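Architecture and fold: a report
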Amino acid sequence: MSLTLPSPRGALTPDRPLADLTWLRVGGPAEWLFQPADLDDLCTFLAALPEDVPVFPMGVGSNLIVRDGGIRGVVIRLGRGFNGISVVGNRVTAGAAALDAHVARKAAEAGVDLTFLRTIPGAIGGAVRMNAGCYGSYTADHFVQATVVARDGTVRTVTKDEMGFAYRSSSLPEGAIVTEAVFEGPLADPAELAARMEEQLAKRDATQPVKDRSAGSSFRNPAGFSSTGKADDVHDLKAWKLIDEAGMRGARQGGAQMSEKHPNFLINTGGATAADLEGLGEEVRKRVFKNSGLTLEWEIMRVGVTSPEAVAQKP
């Protein structure tokens, strides 16, 4: 291993397998995995890290395929020092490692409506970067500001106008790490918010393969908006409907499958490789384009190096 890295206070682990840190349970190792002790540790490490060493911020791996060859450089994963949640008035401040569901519940207990977060898999850092949304509400709708650490270790506060939010995306630069975010939500009765979240969970459980190993929705909706969950919701340009019409519901490749219950969910049925999952997803994209003329864009992030074995198996 040729990299010479700074010595942080947090954990710095070479050749750390990443499969157990992703919801799909696939992927090779990180050349280095860094888990900073706190904000100062993160900033000091990045400032001393050679500029040519790539950095990849990783959350809880809920929306991620790590390729079988692993990730070069340093993977940074925020943990306990970055998962605090506090509520003052109608403002909620959450660390990037705080789970979306936990933030929704804590806010609801204080009478602040961030219920859209309750059924979104993952943590706040990813929700901010990807402008996560559900039932017609998006992170951008409630976002006030975020604390962001740049690749050179400098810290700045980023406002909503600077985030460049769009459907399932933002304009945060590569390597920038969200460490904390502030949200605003309308005030409401905690009991009503709790009941609404229970309804959302019941609806999710009835329509999505929550017991299977997945990474949430695989592809963005070509319509450019998420499902509202309302009776008058339009499904013509929803990714699941296009996949279904292309005959790919339940399609398999190795241990990978498009869910029978919800065809926009790519699942690991057991023993799948990252190449199986990504390969099946690409086949879905080809079939949908052939059937509808529409190109599906990945919602799941795919990162890392394809293994030599997977390259050799390609037709």
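Now for a quick tour of the structure.

**A word on the overall build of the protein**
The number of helices and strands found in the protein is nine helices and 17 strands. Principal-axis analysis of the C-alpha atoms places the extent of the protein at approximately 55 × 50 × 30 Å. Across the 315 residues that make up the protein, the buried fraction comes to 48%. Of the roughly 14400 Å² that the protein leaves accessible, carbon and sulfur atoms contribute 50%. The protein carries 34 positive and 38 negative side-chain charges, and their two centres are separated by 4 Å.

**Section: the packing of helix 2 (residues 100-109) against helix 6 (residues 190-207)**
The interhelical angle for the contact between helix 2 and helix 6, taken along N-to-C directions, is 155°, at an axis separation of 8 Å. With respect to helix 6, the element helix 2 is oriented roughly antiparallel. Taking contact as the criterion, the partners of Ala104, Arg105, Ala108 and Glu109 in helix 2 are, on helix 6, Pro190, Leu193 and Met197. Partitioning the contact of helix 2 with helix 6 into residue classes produces five nonpolar, no polar and two charged.

**A look at the sheet that holds strand 5 (residues 71-77)**
Pairing is mixed across the open sheet formed by four strands, whose spatial order is 1-2-5-3. Each edge of the open sheet is held by one strand with a lone partner, namely strand 1 (11-17) and strand 3 (55-58). Averaged over neighbouring strand pairs, the angle between their axes works out to 30° when direction is ignored. As paired elements, strand 3 and strand 5 share four bridges and run parallel to each other. Paired with Phe56 across the two strands is Val75, which belongs to strand 5.

**Focus on the side chain of Arg67**
Of note, Arg67 is situated in the loop between strand 4 (64-66) and strand 5. Engagement of the side chain of Arg67 in a polar contact is seen with the backbone oxygen of Gly304, the distance being 3.2 Å. Once you skip the residues sitting within four places of it in the chain, Arg67 turns out to touch Gly27, Gly28, Ala274, Glu278, Arg302, Val303, Gly304, Val305 and Thr306.

**A closer look at helix 8 (residues 274-292)**
Note that an α-helix has 3.6 residues per turn; residues three or four places apart therefore point the same way. The end-to-end C-alpha distance of helix 8 is 27 Å, a good match for the 27 Å that 19 residues give at a rise of 1.5 Å each. Three or more residues of helix 8 are buried, namely Ala274, Asp276, Leu277, Glu278, Leu280, Gly281, Val284, Arg285 and Val288. Here the buried face of helix 8 lies against strand 4, helix 7 (239-245), strand 14 (252-253), strand 15 (256-258), strand 16 (265-268) and strand 17 (301-303). One or two steps after helix 8, the chain reaches Gly293, where phi turns positive at roughly 80°.

**Points about the sheet that holds strand 10 (residues 143-149)**
Picture the strands of a sheet paired through backbone hydrogen bonds; they go either parallel or antiparallel. Taken in spatial order, the five strands line up as 6-7-12-10-11 in an open sheet, and their pairing is antiparallel. One side of each edge strand has no neighbouring strand; the edge strands of this open sheet are strand 6 (85-88) and strand 11 (155-159). Across this sheet, the average inter-strand angle for adjacent strands is 15°, counted without regard to direction. One ladder, built from five bridges, connects strand 7 (residues 91-95) with strand 12 (residues 177-184); its direction is antiparallel. Pairing of Arg91 across the sheet is with Glu184, part of strand 12. Along the sheet, helix 2 makes contact with strand 6 and strand 7, crossing strand 6 at roughly 30°.

**Quick notes on unusual backbone geometry**
Positive phi is not limited to glycine here, since Asn131 has a value of about 45°. Considering the arrangement of structural elements, one finds Asn131 in the loop between helix 3 (124-130) and strand 8 (133-134). In this structure, Arg168 is a non-glycine residue whose phi angle is positive, near 55°. By the secondary structure assignment, Arg168 is in the loop between helix 5 (160-163) and strand 12. The class of Arg168 is buried, set by a relative accessible area of 8%.

Rules used throughout
Residues numbered from 1 in each chain as written. Predicted model: local features only at pLDDT ≥ 70, side-chain atom pairs only at ≥ 80, totals over all residues. Heavy atoms only, no water. Helix = DSSP H or I, 4+ residues; strand = E, 2+ residues; numbered from the N terminus. Buried < 20%, exposed > 50% of the residue type's maximum accessible area, 1.4 Å probe, protein only. Areas by Shrake-Rupley, 256 points an atom, 1.4 Å probe, with all protein chains shown as cover. Lys, Arg positive; Asp, Glu negative; His and termini not counted. Charge placed at Lys NZ, Arg CZ, Asp CG, Glu CD. Axes fitted to C-alpha atoms, helices over the stretch in contact; angles between N-to-C directions. Parallel < 35°, antiparallel > 145°, perpendicular 65-115°, else oblique. Contact = heavy atoms within 4.5 Å. Nonpolar A, V, L, I, M, F, W, Y, C, P; charged D, E, K, R; others polar. Pairing = 2+ DSSP bridges. Polar contact = N/O pair within 3.5 Å; in protein donor to acceptor, adjacent residues only side chain to side chain. Expected span 1.5 Å × (residues − 1).

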